Amino acid sequence: MTDKKAHLTVDGIDDPVELAIYPGTLGPDVVDVGPLTKQGLFTYDPGFVSTAACESKITFIDGANGVLLHGGYPIEELAEHSNHLEVCYLLLNGELPNQQELESFIEEIDANRSVDDSIAKLIASFARDAHPMSMLCSATAALAAQYHDNLDISEEQQRYNSAVNIIAKMPTLAAMCYRHSKGLAPIAPDTRLRYAENFLYMMSGEHVSETLARAMNRVFLLHADHEQNASTSTVRLAGSSGTNPYAAIAAGVATLWGPSHGGANEAVLNMLNEIGDESRIDEFVARAKDKDDPFRLMGFGHRVYKNFDPRSRVMKKCCDEVFSELGLEEDPLLKVAIRLEKIALEDDYFISKKLYPNVDFYSGILLKALGIPVELFTVIFATGRTPGWIAHWHEMLSEPYKIGRPRQLYTGSTKRSFVAMADR
Ligand code: SDX
């Protein structure tokens with residue numbers, strides 16, 4: 001820490017309030033606003049636009065320059081040279097594994113891919129047309145039924161074991177949710193197959209090409225972690241109460257479901273289907289710009305990225321590879337998406353508000369090409385993001401922590417006496 005300070009002068013308080021400033025290794029310094037409480041003041045930051053809620057070493061984002069680093073490694077290099085399970089190891093341990101470490105990590109994951117029959121029965125109890133995210137949220141929380149009794153979250157090894165367990169099980173749960181929604185029996189994991197390849201196998205029972213397996217692996221990798229986004233912050237807040245990791249991850253799944261967050265990839269496809277063809281793009285762009293119309297261009301904009309989302313560039317490259325292998329270059333949806341992106345990027349409204357395609361814009365199109373049904377897109381996002389969620393949970397519990405308990409600006413009624421019914 002340095003001795004940099006901020007001095008806040010407040011009307012009605014004689015002396016300026018001195019606040020410590022802490023530097024990170026990258027990114028903005030932070031101001032420790034703790035002393036304000038003693039002055040009878042809270043900070044006010046709806047949506048946490050300007051609030052650093054914690055210290056973390058896992059992921060760094062520079063929104064102005066489109067930078068995303070996991071353990072210091074750029075997402076572009078990880079997408080090019082690494083794979084999802086290696087990135088999972090990196091998120092959990094802060095270092096890339098050597099060959100032996102990676103092999104034993106993969107063995108641990110393989111040994112934990114199966115889920116108990118009670119979970120299969122829970123998923124089977126849902127109506128076929130239930131949204132798969134409702135099944136995944138429930139199944140994730142249900143994992144707690146089997147593990148929370150033999151889990152001491154203060155023990156690092158037990159936390160690490162539960163991290164491996166949840167990373168291993170999410171693809172199996174995701175595939176089970178899909179199969180049930182189609183009235184199909186679950187397919188058991190095949191540990192001869194690699195993680196993403198096995199997921200696609202558990203979905204369809206068929207073995208896929210190297211290109212499709214690599215594309216699925218990249219989709220998981222590109223979604224693995226993203227600093228203190230809404231769902232990760234939820235996992236941290238839930239975990240700060242001392243709850244078990246499965247309950248905390250279930251809270252993350254619930255948060256990711258929203259169309260402003262992980263639900264956007266499904267919303268992008270629904271939007272592109274609604275647009276239908278290029279002739280209607282201008283109509284939808286006009287609606288997105290109309291303040292009186294709640295419609296937003298799904299897959300555009302980001303709280304942090306104000307230049308470009310590096311993940312969407314990698315995702316677009318994946319799209320090109322998969323579409324050319326599958327001969328889908330003429331896919332009408334892809335053509336609408338490419339045209340929509342071009343129009344938006346040249347439109348002053350989007351340029352002035354720094355609204356660029358985010359990870360969800362192309363991931364939806366890629367998942368559709370991989371044969372994933374739209375309603376499963378956010379389940380895929382949750383599967384990819386699980387390592388990030390559990391890594392942040394593990395990191396938080398590895399250091400002294402306090403239960404998260406924000407305050408508020410109260411603007412309700414001042415104190416008043418109860419009024420009997422006869423006098424109301
Ligand atoms: C993810 O945080 C993360 O890291 C999330 C994520 C991750 O990996 O975890 O990256 C994943 O959630 C990506 C985002 C997916 N969501 C969408 O694609 C939904 C569409 N986009 C938005 O709703 C919006 O852009 C957000 C929610 C992503 C960001 O919203 P902010 O930061 O709160 O910005 P804002 O709502 O204050 O918007 C600023 C202005 C507003 O106009 P003004 O009031 O200033 O006139 O930009 C406008 C907004 O109306 N605007 C849009 C728009 N997004 C913002 N206008 C049209 N279309 C859009 N998509």
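Caption draft 1: Molecular detail of the domain arrangement of the protein. By domain assignment, the protein separates into domain 1 (5-62) and domain 2 (75-408). Relative placement of domain 1 and domain 2: their C-alpha centres are 32 Å apart. Tallying the contact residues gives eleven residues for domain 1 and 14 residues for domain 2. Interface area for domain 1 against domain 2, summed over the two sides, is near 1,100 Å², with a carbon-plus-sulfur share of 66%. Considering only the side of domain 1, the residues that lose the most area to domain 2 are Phe42, Ile58 and Ile61, jointly responsible for 54% of the buried surface there. Counting the contacts that link domain 1 with domain 2 gives zero salt bridges. Partitioning the side of domain 1 that touches domain 2 into residue classes produces five nonpolar, three polar and three charged.

Caption draft 2: Highlighting the pairing of strand E4 (residues 59-62). Looking at chain direction, E4 and strand E5 (residues 67-70) are connected through four bridges and run antiparallel. Following the sheet pairing, Asp62 is matched in E5 by Val67. Between E4 and E5, which pair antiparallel and follow one another directly, the connecting turn spans four residues, one of which, Gly66, has a positive phi of 60 degrees.

Caption draft 3: Molecular detail of the site of the ligand. Around the ligand, 24 residues are found, and the nearest of them are His226, His302, Arg303, Arg311 and Arg385. Arg296 places a polar side-chain atom, nitrogen or oxygen, 2.9 Å from an oxygen atom of the ligand. About the coverage of the ligand: the protein hides 77% of its 1,100 Å² of free accessible area. The residue inventory of the shell around the ligand, partitioned by class, reads nine nonpolar, eight polar and seven charged.

Caption draft 4: Broad picture of the packing of helix H6 (residues 156-181) against helix H17 (residues 377-398). Two elements in contact, H6 and H17, have axes separated by 9 Å at closest approach and are oriented at 175 degrees. Taken together, H6 and H17 sit at an angle that is classed as roughly antiparallel. For the pair formed by H6 and H17, the contact residues are Glu156, Arg159, Tyr160, Ser162, Ala163, Ile166, Ile167, Met170, Pro171 and Ala174 on the first element and Val379, Thr383, Thr386, Pro387, Ile390, Trp393, His394, Leu397 and Ser398 on the second.

Caption draft 5: Highlighting the packing of aromatic side chains. Per the counting criterion, the structure on display carries eight aromatic pairs. Their ring planes at 65 degrees and their centres at 5.6 Å tell us that Phe199 and Phe220 sit as a pair that is edge-to-face. Within this pair, whereas Phe199 is found in helix H7 (residues 195-204), its partner Phe220 is found in helix H8 (residues 210-222), the two being separated by 21 residues in sequence. Taking 5.0 Å as the distance between ring centres and 75 degrees as the angle between the ring planes, the aromatic pair formed by Tyr349 and Phe350 counts as edge-to-face. An aromatic cluster is present here, built from Phe300, Tyr349, Phe350, Phe361 and Tyr362 joined pairwise through their rings. Between the NZ or CZ atom of Arg313 and the centre of the ring of Phe308, over which it lies, the distance is 3.5 Å.

Caption draft 6: Inspection of helix H3 (residues 99-110) at higher detail. Taking 1.5 Å per residue as the helical rise, H3 with its twelve residues ought to reach 16 Å, and the 16 Å between its terminal C-alpha atoms agrees with that figure. Of all the positions in H3, only Leu102, Phe105 and Ile109 are classed as buried. Summarising the axial view, the buried residues of H3 lie within an arc of 65 degrees, below the 170-degree limit, and thus occupy one face. The exposed residues of H3 that point more than 90 degrees off its buried face are Gln99, Gln100 and Glu107. Check the buried side of H3 and you find it contacts helix H2 (84-93), H6 and H7.

Rules behind the numbers
- Residues numbered from 1 in each chain as written.
- Predicted model: local features only at pLDDT ≥ 70, side-chain atom pairs only at ≥ 80, totals over all residues.
- Heavy atoms only, no water.
- Domains from an automatic or database assignment.
- Contact = heavy atoms within 4.5 Å.
- Buried area = accessible area lost by both parts, 1.4 Å probe.
- Salt bridge = Lys/Arg side-chain N within 4 Å of Asp/Glu carboxyl O.
- Nonpolar A, V, L, I, M, F, W, Y, C, P; charged D, E, K, R; others polar.
- Pairing = 2+ DSSP bridges.
- Helix = DSSP H or I, 4+ residues; strand = E, 2+ residues; numbered from the N terminus.
- Near = heavy atom within 4 Å.
- Polar contact = N/O pair within 3.5 Å; in protein donor to acceptor, adjacent residues only side chain to side chain.
- Areas by Shrake-Rupley, 256 points an atom, 1.4 Å probe, with all protein chains shown as cover.
- Axes fitted to C-alpha atoms, helices over the stretch in contact; angles between N-to-C directions.
- Parallel < 35°, antiparallel > 145°, perpendicular 65-115°, else oblique.
- Phe/Tyr/Trp six-rings, centres within 6.5 Å; stacked < 30°, edge-to-face > 60°.
- Lys NZ or Arg CZ within 6 Å of the ring centre and 35° of its normal.
- Expected span 1.5 Å × (residues − 1).
- Buried < 20%, exposed > 50% of the residue type's maximum accessible area, 1.4 Å probe, protein only.
- Arc of directions from axis to C-beta.

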